[in-house]
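Overview (structure and organization)
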Amino acid sequence: MTAERTRTEAVTYTLPNGKQVDCFDEVEARILWEEIDGDTPYTEAVAGVRPDEVVLDVGAHVGLASLCFAELAPGSRIIAFEPAARTFSCLETNFARNVPGGTALRLAVAAEPGEAEFVYHPHAASKSTLHTDQAEEDLNLEAYLTNVGFDEAAKPLVREMHNVRETETVQVVTLSSVFDEHGIDRVGLLKIDVERAELEVLDGVRDDLWPRIRRVLAEVHDRDGSLGETVARLAGRGFDVRVRQAPVFAGGTVYVVLATRD
């Protein structure tokens, strides 16, 4: 795949389960699907979600997690959020194709509503974010490349591509407003993958809404104690909280938090 096509043209990729999805990079889609499908925190988190419950996919990228949720929790109502224009175009197509009845929204989610500058990574769209941290991004990239045994000769090109950035202004909402606007009574799973904005997503949930949320699955970047803060907040809300780190991120700051209260 050429860098130019990765940046500007969507392609159709067939997942191992036979589902077809639009994306901007087949390699990225394959890697992300491997993190989601099978015996993973994603499948554990969605197990038991009922048809009368909503799944909120915050930071949906092209919708791979939502596809998994739709398969494992049939009948549940899925609402996905992705602010980047190009990534959202794929998400919208993939929902129309694979998530019947789902809702894809071109929105970022944080603690306060409004507009914000969003940093888009055209060669690694899943790393796009409201909050850039070059040092942490470099640390996690190097940890990943080392742990997967990436070809040393190819590393400079990967680093260069990961450092390409564009910016766009995006609309931001809070989860509280989403609950109100969409009439949400019960959330079987709140999934969060927002590249360092996870605490802001939690801050945007009013106290009276937390009893409606049964499970939380969040990717957390452990900067300045943010992992401990996330765990403490969820435990304080009555969740049983577990923390994992995928082997590919050993030595980095990326963790997955699964909070349940079934």
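Residues numbered from 1 in each chain as written. Predicted model: local features only at pLDDT ≥ 70, side-chain atom pairs only at ≥ 80, totals over all residues. Heavy atoms only, no water.

Reading across the sheet, the 7 strands line up as S5-S4-S3-S9-S10-S12-S11 and stay open at both edges, with mixed pairing between neighbours. The sheet is open, and its two edges are formed by strand S5 (103-105) and strand S11 (240-244), each paired on a single side. Going across the sheet, the axis of each strand differs from the next one's by a mean of 15°, ignoring polarity. Both strand S9 (residues 187-192) and strand S10 (residues 215-221) contribute to a ladder of 3 bridges, which runs parallel. Residue pairing across strands places Lys191 opposite Leu217, the latter belonging to S10. (Pairing = 2+ DSSP bridges. Helix = DSSP H or I, 4+ residues; strand = E, 2+ residues; numbered from the N terminus. Axes fitted to C-alpha atoms, helices over the stretch in contact; angles between N-to-C directions.)

On to the pairing of strand S2 (residues 20-23). With 4 bridges joining them, strand S1 (residues 11-14) and S2 adopt antiparallel strand pairing. Bridging across to S2, Thr14 finds its partner in Gln20. Hairpin geometry of S1 and S2 is characterised by an intervening segment of 5 residues between the two adjacent antiparallel strands and by a positive phi of about 95° at Gly18.

Roughly 400 Å³ of volume is contained in the second largest pocket. What lines the second largest pocket is a set of 18 residues, among which Glu34, Glu35, Ala246, Pro247 and Val248 lie closest to the centre. Where the lining of the second largest pocket is concerned, the elements lending two or more residues are helix H2 (26-36), helix H3 (41-46) and strand S12 (254-260). Among the elements that take part in the lining of the second largest pocket, H2 stands out by supplying 4 residues, more than any other. Of the residues contributing to the lining of the second largest pocket, the split by class is 10 nonpolar, 2 polar and 6 charged. (1 Å grid on protein atoms, 1.4 Å probe; cavity = no way out; pocket = protein on both sides within 12 Å on 5 of 7 lines; lining within 4 Å. Points joined across faces, edges and corners; volume = space filled by probe spheres on them. Nonpolar A, V, L, I, M, F, W, Y, C, P; charged D, E, K, R; others polar.)

Turning our eyes to something else, we now look at the confidence of the model for the protein. With 97% of its residues at a pLDDT of 70 or more, the protein shows a mean pLDDT of 94. The low-confidence segment residues 1-6 (pLDDT under 50) makes 14 contacts with residues lying over four places distant or belonging to another chain. (pLDDT = per-residue confidence, 0-100. Contact = heavy atoms within 4.5 Å.)

Note that side chains of opposite charge can pair when their charged atoms are close. Going through the model one piece at a time under the given rule, you end up with 22 salt bridges. For Glu137, the salt bridge is made with Arg165, and the minimal N-O distance between the two is 2.4 Å. Of this pair, Glu137 sits in helix H6 (residues 134-147) while Arg165 sits in the loop between helix H7 (155-162) and strand S8 (166-173), and the two are 28 residues apart along the sequence. The exposure class assigned to Glu137 is buried, which follows from its relative accessible area of 14%. (Salt bridge = Lys/Arg side-chain N within 4 Å of Asp/Glu carboxyl O. Buried < 20%, exposed > 50% of the residue type's maximum accessible area, 1.4 Å probe, protein only.)

Taken together, the buried positions of helix H10 (residues 226-236) are Ser226, Leu227, Thr230 and Leu234. Along the axis of H10, the buried positions cluster into a sector of 105°, meaning they face one direction only. Those residues of H10 that are buried are in contact with helix H9 (198-203), S10, S11 and S12. A positive backbone phi angle near 95° is found at Gly238, which sits one or two residues after H10. (Arc of directions from axis to C-beta.)

Looking now at empty space enclosed by the protein. Following the criterion strictly, the structure yields 3 cavities of 30 Å³ or more and no others. By volume, the largest cavity amounts to about 390 Å³. Taken together, 32 residues make up the lining of the largest cavity; nearest its centre are Gly59, Ala60, His61, Ser126 and Asp193. Put simply, the parts of the chain that give the lining of the largest cavity at least two residues each are H2, helix H4 (64-72) and strand S6 (108-109). Sort the elements by how many residues they give to the lining of the largest cavity and H2 lands first, with 3 residues.

Strand order in this open sheet of 3 strands is S6-S8-S7, and the pairing throughout is mixed. The strands lining the two open edges of the sheet, one partner per strand, are S6 and strand S7 (114-120). As paired elements, S7 and S8 share 7 bridges and run antiparallel to each other. Bridging across to S8, Glu117 finds its partner in Thr169.

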